[in-house]
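Chain by chain, the residues run as shown.
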Amino acid sequence: MKVIAFNGSPRKKWNTATLLEKALEGAASQGAETELIHLYELGFKGCISCFACKTKGGQSYGRCAVKDDLRPILEKVLQADAIILGSPIYFGTVSGEMRSFMERLLFPYRPYADARDPRQSLFPKKIQTGFIYTMNVTEKQMKASEFDQHPHHNEKVLKLIFGSSESLFSFDTYQFEDYSKVVADRYDVEHKTKRRRQVFPIDCQKAFEMGARFSKIN
Ligand SMILES: Cc1cc2nc3c(=O)[nH]c(=O)nc-3n(C[C@H](O)[C@H](O)[C@H](O)COP(=O)(O)O)c2cc1C
């Protein structure tokens, strides 16, 4: 049983990374082998539209042919029983690195097959997938600005390709080490501090439970 988490934040110890670590602790509590991969440590780009993964009879059909730091990572996904993606929300969607990772992870397994074709995914097995999102806004603000459409779409695509998908949201996160040193008057530091103390631990617990659940199912 192997669970891999992917951190789409450049920060290795902050909100997203902490929640992913908790999810992996949950997986480990059920005996799973775990690994946390920081995407910002890797040298890679998004899909380059070479279509090697779509070429009939080609060596790389259904696989990403690009040779960079992501290649061995994509191989690892083939051995995983569950994957958990995590990203901060940047301008209403996931971070650039997470987006590039998703293009490379998902496109090769998504054939342009006829809609009636039962093989809508070339990924060779069914695995659990989770997506953890962290953001400054509240749940109400996310819905009002309609950027919940992105997570909703990601959930649909991950489900189509890997067989299952669930999302976890951590709202109104604590963003700065010291709010007094940055221009961030929009935010009430007392409120943020309180949330950090009272709500973030609940989000961590939910992440732990996600990891544990994924490891139990398999
Ligand atoms: C470039 C950038 C853009 C951001 N855009 C948004 C946004 O559109 N909506 C939002 O709610 N938070 C936004 N944030 C805040 C982060 O999503 C939030 O602080 C997140 O929890 C950071 O994750 P981390 O602590 O793992 O790095 C942005 C932060 C940065 C650095």
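See the structure printed just above.
Here goes a summary of the coordinates provided. Nothing here was measured: the structure is a model prediction, and the numbers come from that model.

Here's the deal with the site of the ligand
And then number 1: Taken together, the neighbourhood of the ligand is formed by 16 residues, with Ser 9, Thr 16, Ile 89, Thr 134 and Thr 173 sitting nearest.
And then number 2: One nitrogen or oxygen atom from the main chain of Ile 89 is found 2.6 Å from an oxygen atom belonging to the ligand.
And then number 3: Contact between the ligand and Asn 136: an oxygen atom at 3.0 Å from a main-chain N or O atom of the residue.
And then number 4: When the free accessible area of the ligand is taken as 640 Å², the share hidden by the protein chains comes to 80%.
And then number 5: Looking at the shell around the ligand, the elements that each hand over two or more residues are helix H1 (15-29) and strand E3 (82-90).
And then number 6: Considering each element in turn, the shell around the ligand owes the most residues, 3 residues, to E3.

Looking at helix H5 (residues 149-162)
And then number 1: Counted at 1.5 Å a residue, the expected span for H5 with its 14 residues is 20 Å, and the 20 Å between its end C-alpha atoms agrees.
And then number 2: Listing the buried residues of H5 in full gives Pro 151, Asn 154, Leu 158, Ile 161 and Phe 162. Down the axis of H5, the smallest arc covering the buried residues is 95 degrees, so these residues share one side. Exposed residues lying more than 90 degrees from the buried face of H5 are Gln 149, His 152, Lys 156 and Lys 159.
And then number 3: Where the residues of H5 are buried, they touch helix H2 (70-79), E3, strand E4 (93-94), helix H3 (96-106), strand E5 (128-134) and strand E6 (166-170).
And then number 4: Two residues or fewer past H5, Gly 163 is found with a positive phi of approximately 105 degrees.

Side note on the environment of Lys 192
And then number 1: Within the fold, Lys 192 resides in helix H6 (residues 189-198).
And then number 2: Under the relative-accessibility criterion, Lys 192 is labelled buried at 1%.
And then number 3: When the C-alpha atoms of Lys 192 and Ser 9 are compared, they prove to be 20 Å apart, with 183 residues separating the residues in sequence.
And then number 4: With residues near it in sequence (within four places) discarded, Lys 192 still touches Asn 136, Asp 172, Thr 173, Tyr 174, Tyr 179 and Tyr 187.
And then number 5: A polar contact is formed between the side chain of Lys 192 and the backbone oxygen of Thr 173, at a distance of 2.8 Å.

Concerning the packing of H2 against H3
A packed helix pair is summarised by two numbers, namely the angle formed by the two axes and the spacing between the axes.
And then number 1: With their axes 11 Å apart at the nearest point, H2 and H3 run at an angle of 60 degrees to one another. Here H2 lies oblique to H3, going by the angle between them. Crossing geometry of H2 relative to H3 is assigned as right-handed. Between H2 and H3, the residues in contact are Leu 70, Leu 74 and Val 77 and Phe 101, Arg 104 and Leu 105, respectively.
And then number 2: Across the contact of H2 with H3, the residue classes tally to 5 nonpolar, no polar and 1 charged.

With respect to the nonpolar core
And then number 1: In this structure, Phe 6, Ile 83, Met 98, Phe 101 and Phe 162 are the most contacted members of the largest nonpolar core, which totals 36 residues.
And then number 2: Elements supplying a minimum of two residues to this core: strand E1 (2-7), H2, E3, H3, E5 and H5.
And then number 3: Excluding its chain neighbours within four sequence positions, the residues that come into contact with Met 98 are Phe 6, Gly 8, Leu 39, Leu 85, Gly 86, Ser 87 and Phe 131.
And then number 4: Leu 20, Leu 24, Ala 32 and Phe 200 belong to the second largest nonpolar core, which has 17 residues in total.

What counts, and at which threshold
- Residues numbered from 1 in each chain as written.
- Predicted model: local features only at pLDDT ≥ 70, side-chain atom pairs only at ≥ 80, totals over all residues.
- Heavy atoms only, no water.
- Near = heavy atom within 4 Å.
- Polar contact = N/O pair within 3.5 Å; in protein donor to acceptor, adjacent residues only side chain to side chain.
- Areas by Shrake-Rupley, 256 points an atom, 1.4 Å probe, with all protein chains shown as cover.
- Helix = DSSP H or I, 4+ residues; strand = E, 2+ residues; numbered from the N terminus.
- Expected span 1.5 Å × (residues − 1).
- Buried < 20%, exposed > 50% of the residue type's maximum accessible area, 1.4 Å probe, protein only.
- Arc of directions from axis to C-beta.
- Contact = heavy atoms within 4.5 Å.
- Axes fitted to C-alpha atoms, helices over the stretch in contact; angles between N-to-C directions.
- Parallel < 35°, antiparallel > 145°, perpendicular 65-115°, else oblique.
- Left-handed = near helix turned anticlockwise from the far one by under 90°.
- Nonpolar A, V, L, I, M, F, W, Y, C, P; charged D, E, K, R; others polar.
- Core = buried A, V, L, I, M, F, W, Y, C linked by side-chain atoms within 4.5 Å.

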